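# Residue-level structure breakdown
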Amino acid sequence: LAGVLDDCLCDIESIDDFNTFKIFPKIQKLQERDYFRYYKVNLKRPCPFWADDGHCSIKDCHVEPCPESKIPVGIKAGSSNKYSKAANNSKELEDCEQANKLGAVNSTLSNQSKEAFIDWARYDDSQDHFCELDDERSPDAQYVDLLLNPERYTGYKGPSAWRVWNSIYEENCFKPRSVYRPLNPLAPSRGGDDGESFYTWLEGLCLEKRVFYKLISGLHASINLHLCANYLLEETWGKPRWGANVKEFTRRFDPAETKGEGPRRLKNLYFLYLIELRALSKVAPYFERAVVDLYTGNGHEDAESKALLLDIFRDTKSFHMHFDEKSMFAGDKKGAKSLKEEFRLHFKNISRIMDCVGCDKCRLWGKLQTQGLGTALKILFSEKEIQSLPENSPSKGFQLTRQEIVALVNAFGRLSTSIRELQNFKVLLQQTR
């Protein structure tokens, strides 16, 4: 792969160098820190779109939840919006005041009305979300240590996995059913169609709808790269050996094996990387404020984590070929608003489809990476709110929960890893020729 990407003024070589020498080593270190390694997720939510296929019984599909005793006290104690020491210490006082206020206001309200108010508040909160968020208070939501449950090939494949991706592409990307998308490299093609008619049609779409498709395709490519790079190569005497599977990589990305589709998928991965990189550079002012601590309860660790995060933000700002999100939703106000809402709801639907993934480990990483991208989109479309943040108090206009912060960093970490793995596969392919 080489040259300039479509729909932006950035070339692949610049991204490779920037990622390899600046971002990848630092984001790896950041993901190992306590604040970012524990992610709370509900893996038992039912699939909202079709009858459950039953969960994958392969042992590598299993996710090991983290015992309560291992979770840092600051993470366990804080509610979803609290990530500073002051916020955690003042929580009991706030709860007490809140109870008094509600008691005063609601003395004449029925329970039904109170529930309605809570629902309205939840609805208001969800208006800027691009993802269906797990309810962290659910008894089924558990903390998972991401370092102990790495994303890798589990053996989950076949009709159940294809159904998820087909639903994402066929029902949620902006396209009429009459336009064929050559999705699965193993599926037989329809007659003589090599997929070119799809791309001719895609180029005729407006920028926003093209971007949406590229984001989903890039996420798909990134996930496939992780599975090829961390593949179960052999299992002798109960000792598994994981590593790069060149044959699997070729099957998924080689132009000859995929009818020219593979390199397009990889270009979309680079495009997705640019979008999330742009979001990180835009959200920097939010974290530069003293009020945001990345609080785990360990003061020394928290200070180091924040310093490393701010260092990464400095790097993202120094990148000189960012995607310009101002080119999106720039038409007449009414049309742009309607398209943006359609864009948000389509993506939100994709986040709900992640509850239909039959393998727990794939579901965990699917939910996390979708939420990370959803958070990046939320940031890109909240520039004014971020610029007007108060320095010394939590913001009412723009907020990120700890879950969103953890998903944002880990999702970008996965993309950074994908681009690094791509360099490794280039070397391996040269050695096998």
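Note that this is a predicted model, so its numbers are computed, not measured.

### As for the overall build of the protein chain
Scanning the protein chain for helices and strands turns up 16 helices and 4 strands. Of all 433 residues assigned to the protein chain, the portion counted as buried reaches 52%. Contacts in the protein chain between residues at least 24 apart in sequence constitute 80% of all its contacts with a sequence separation of at least 6.

### Some remarks on helix α16 (residues 402-432)
At 3.6 residues per turn, the α-helix brings residues three or four places apart onto the same side. Relative to the 45 Å expected for 31 residues at 1.5 Å per residue, α16 spans 44 Å between its end C-alpha atoms, a close match to the ideal helical length. Summarising burial for α16: 22 of the 31 residues are buried, a large majority.

### Topic: the packing of helix α1 (residues 12-31) against helix α12 (residues 299-318)
Between α1 and α12, whose axes approach to 10 Å, the crossing angle comes to 160°. Taken as axis vectors, α1 and α12 run roughly antiparallel relative to one another. For α1 against α12, the interelement crossing comes out left-handed. Taken together, the residues of α12 that come into contact with α1 (itself represented by Phe18, Lys22, Ile23, Lys26, Ile27, Lys29 and Leu30) are Ser305, Leu308, Leu309, Asp311, Ile312, Asp315, Thr316 and Ser318.

### Brief notes about the UniProt feature "active site" (unreviewed entry) in the protein chain
With numbering matched to this structure, UniProt assigns "active site" (unreviewed entry) to Cys359 and Cys362. Within the secondary structure, Cys359 sits in the loop between α13 (333-353) and α14 (360-380). Relative to the helices and strands, Cys362 resides in helix α14. Under the relative-accessibility criterion, Cys362 is labelled partly exposed at 25%. Ignoring any residue separated from it by four or fewer positions in sequence, one finds Cys362 in contact with Thr154, Tyr156 and Val357.

### Observations concerning the layout of surface pockets
Put simply, the second largest pocket is a space of about 870 Å³. Lining the second largest pocket we find 24 residues, and of these Phe329, Lys340, Phe381, Ser382 and Lys384 sit closest to its centre. Among the secondary structure elements, those contributing two or more residues to the lining of the second largest pocket are α13, α14 and α15 (383-387). By residue number, the principal contributor to the lining of the second largest pocket is α13, which donates 6 residues. Of the residues that constitute the lining of the second largest pocket, the class distribution is 8 nonpolar, 4 polar and 12 charged.

### A closer look at empty space enclosed by the protein
Evaluation of the coordinates by the stated rule reveals 2 cavities of 30 Å³ or more. The calculated volume of the second largest cavity comes to roughly 40 Å³. In this structure, the second largest cavity is lined by 10 residues; those nearest its centre are His129, Phe130, Gly374, Thr375 and Glu404. The dominant element in the lining of the second largest cavity, judged by the number of residues it contributes, is α14, at 4 residues. Looking at the lining of the second largest cavity residue by residue, the classes come out as 3 nonpolar, 4 polar and 3 charged.

Cut-offs used in this document
Residues numbered from 1 in each chain as written. Predicted model: local features only at pLDDT ≥ 70, side-chain atom pairs only at ≥ 80, totals over all residues. Heavy atoms only, no water. Helix = DSSP H or I, 4+ residues; strand = E, 2+ residues; numbered from the N terminus. Buried < 20%, exposed > 50% of the residue type's maximum accessible area, 1.4 Å probe, protein only. Contact = heavy atoms within 4.5 Å. Expected span 1.5 Å × (residues − 1). Axes fitted to C-alpha atoms, helices over the stretch in contact; angles between N-to-C directions. Parallel < 35°, antiparallel > 145°, perpendicular 65-115°, else oblique. Left-handed = near helix turned anticlockwise from the far one by under 90°. UniProt positions renumbered as here; feature names shortened; annotations may be inferred. 1 Å grid on protein atoms, 1.4 Å probe; cavity = no way out; pocket = protein on both sides within 12 Å on 5 of 7 lines; lining within 4 Å. Points joined across faces, edges and corners; volume = space filled by probe spheres on them. Nonpolar A, V, L, I, M, F, W, Y, C, P; charged D, E, K, R; others polar.

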